[in-house]
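# A look at the structure
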Amino acid sequence: MSGIHKLFRYMNIIFFATGYWARKIFKGTKKINIGFLVEEFFHEKFRGFGGYGMTVKYISEYFNNLPDGKLRADVLLTHRLDIDVPQSGSFNNADVVMMPKAMNDEDKSFQQYCQMIHKKKFDVFIGVDHFLTYEYPLMAFPNIPWVIWLKDPRDFGKWEKIASVSLVKKDWGIASPDDYRQWVRNRLESFRRLHKRSQIFGRKIVIATEAYDFISIGKNLCGLSELKPVLLSKPIPLPVMSGPEYSAKPSFLFLARLDPIKRPWVFCELAKRFPQADFFVAGQANAPEIMDEMLAKYKNIPNLKFLGRVFGADKDALFRKVWAVVNTSVHEGLPVSIVEGFSYGKTAIASENPDGVTSKYGLWVGDMRGDGHDEKTVDLFAEHVESLIKGRFDRDKIFKENREYIRTVHSFEKFEKTIRDIVLTNKYDRGFTIDQKYTV
């Protein structure tokens, strides 16, 4: 980059920083504008259809629809799209700023991108986990408070577990442990660059987490010697229900992308084991060229229903009738599908158990690595499926306790209060300490 380009870029940074400081002085505290940094947003125009995008969709739909809302949520989609120039559009009631594939921080499109962000007058950036793609807006606006929201953090140990599924290596191009070690190293170096720039401009950085079990992973990813994060749970709508609702015939739901990390074939094997129950698969594959052959052998099982992506009223009807949500992933954070199931007063069967949530409000099968083609894996899931089919559970108790968990922990009101405390007070400042000697 030439000296003129550098000078021009830093002049822009000072301009944007001055704009934020001026807003902070004169704006007051009535409304907070959130800019979500995320690589996916739950809409057919964008990729993923995963938990990250669904969480942000719930937040934007709720807060941006309130007539006197004190919180607004918009999106900086950092997954580059096949567009020529930066664009902004309205999706799921949020303004989404989109980044073109060819953009770099030396060209005119980057200035256009920054101007779009500047016009949103954000009071805080919330990065859903941390990805290198977040550096563009974070470097350009180095004094806007930054919340790192640990939702599905993956250090080297987690990547080893994920890579124990052979098709994941093919799906994500993993050739050796050096690949995912480098991914972790890249994120660490990115955080250090951003932290250095943030210190110069006095940016507040707060690390939040959805589960306390993520603390050690967060320390590894950011190279910290100490981390005291704020608990920031995902807000989930609580549907109106007077009591538990169940289909007459036992039924189970798999709601996720049909990707190798999710191991949907385990769910399909359960359908073969229990012909007396219905098994609904709601989701599509990001890489059908990898998954179609694997799942083809299950297409003719009468009680196994492949529904594709399910939205709105159809999704609501599914949750109301199924007996449990089944999550067969080799790795998860705190899955949105499980928490959504809790909001309908349903139990869950899963092999991930962050903060003991699955074992407390559902059925935990134990930690399971590998492909899951072995009898032991299917047996452990089948044991819990069978117990539900035989009626060995208290529907009224599950309905009351699981919905109360959503009401008290995953409410929109609690989310808003936590964000306001982060932005407007010093309650959660200085919750981490950098370990300068840490290496991956």
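Placed above this text is the structure.
The present account deals with the structure reproduced in this document. Because the structure is a prediction, the values reported are computed rather than measured.

How each quantity is defined
Residues numbered from 1 in each chain as written. Predicted model: local features only at pLDDT ≥ 70, side-chain atom pairs only at ≥ 80, totals over all residues. Heavy atoms only, no water. Helix = DSSP H or I, 4+ residues; strand = E, 2+ residues; numbered from the N terminus. Rg over C-alpha atoms; globule rule 2.2 N^0.38 Å. Buried < 20%, exposed > 50% of the residue type's maximum accessible area, 1.4 Å probe, protein only. Contact = heavy atoms within 4.5 Å. Polar contact = N/O pair within 3.5 Å; in protein donor to acceptor, adjacent residues only side chain to side chain. Phe/Tyr/Trp six-rings, centres within 6.5 Å; stacked < 30°, edge-to-face > 60°. Lys NZ or Arg CZ within 6 Å of the ring centre and 35° of its normal. Arc of directions from axis to C-beta. Pairing = 2+ DSSP bridges. Right-handed = clockwise from strand over helix to strand, strands pointing away. Axes fitted to C-alpha atoms, helices over the stretch in contact; angles between N-to-C directions. Parallel < 35°, antiparallel > 145°, perpendicular 65-115°, else oblique. Left-handed = near helix turned anticlockwise from the far one by under 90°. Nonpolar A, V, L, I, M, F, W, Y, C, P; charged D, E, K, R; others polar.

## Some thoughts on the overall build of the chain
- Looking only at helices and strands, one finds 16 helices and 16 strands in the chain.
- For the chain, the C-alpha radius of gyration of 22 Å lies close to 22 Å, the compact-globule estimate for 440 residues.
- Dimensions along the principal axes, computed over C-alpha positions, put the chain at roughly 70 × 50 × 40 Å.
- Here the chain holds 440 residues, and 59% of them are scored as buried.

## A short note on the environment of E269
- Turning to its location among the elements, E269 is positioned in helix α9 (residues 264-273).
- E269 sits in the partly exposed class, given a relative accessible area of 23%.
- Linking E269 and M139, residues 130 residues apart in sequence, is a C-alpha distance of 48 Å.
- Setting aside residues up to four positions removed in sequence, E269 forms contacts with Y298 and V378.
- In this structure the side chain of E269 is engaged in a polar contact, spanning 2.6 Å, whose partner is the side chain of Y298.

## Observations concerning the packing of aromatic side chains
- Within this structure, the stated rule accounts for 25 aromatic pairs.
- Taking the centre distance of 6.1 Å and the plane angle of 85 degrees together, the rings of Y246 and W323 count as edge-to-face. Within this pair, whereas Y246 is found in the loop between β9 (230-231) and β10 (251-255), its partner W323 is found in the loop between α11 (312-321) and β13 (324-327), the two being separated by 77 residues in sequence. Here Y246 and W323 have matching classes, each one buried.
- Here the aromatic residues Y62, F63, W149, F412 and F415 are joined through ring pairs into a cluster of three or more.
- One Lys or Arg, R181, reaches over the ring of F156 and ends 3.8 Å from the middle of that ring.

## Things to note about helix α8 (residues 215-222)
- Taken as a whole, α8 has its buried residues at I217, G218, L221 and C222. Mapping the buried residues of α8 onto a view down its axis gives an arc of 120 degrees, with all of them on the same face.
- The inward-facing, buried residues of α8 abut β6 (146-150), α5 (156-162), α7 (177-201), β7 (205-209) and β8 (224-227).
- At the C-terminal side of α8, G223 shows a positive phi close to 65 degrees.

## What about the pairing of β6?
- Among the five residues of β6, five are classified as buried, and the element is accordingly described as predominantly covered.
- Alternating residues of β6 divide into W146, I148 and L150 and V147 and W149, and every residue in both groups is buried.
- Summarising the sheet, strand β5 (residues 124-128) and β6 pair through four bridges and their orientation is parallel. Among the inter-strand pairings, F125 is bridged to a residue of β6, identified as W146.
- In terms of handedness, the path from β5 via helix α4 (residues 135-140) over to β6 forms a crossover that is right-handed.

## Re the sheet that holds β7
- With mixed pairing, the eight strands of this open sheet are ordered in space as β3-β4-β2-β1-β5-β6-β7-β9. Each end of this open sheet is capped by a strand with a single partner; those strands are β3 (87-91) and β9.
- Alignment of strand β1 (residues 32-38) against β5, held across four bridges, turns out to be parallel. Each bridged residue has a counterpart across the sheet, and for G35 the counterpart in β5 is F125.
- Against the sheet, helix α2 (residues 51-63) touches β1, β2 (71-81), β4 (94-100), β5 and β6, its axis set at about 145 degrees to β2.
- Running at roughly 100 degrees to β1, helix α16 (residues 412-424) makes contact with β1, β2, β5, β6, β7 and β9 of the sheet.

## Some points on the packing of α9 against helix α14 (residues 375-389)
- Where α9 meets α14, the closest approach of the two axes is 10 Å, and the angle between their N-to-C directions is 60 degrees. Of the possible angle classes, the one that applies to α9 and α14 is oblique. Here the hand of the crossing between α9 and α14 comes out right-handed. When α9 is examined against α14, the residues V266, E269, L270 and R273 are found in contact with a partner set consisting of E375, T377, V378, D379, F381, A382 and V385.
- Residues belonging to the contact of α9 with α14 are distributed by class as follows: six nonpolar, one polar and four charged.

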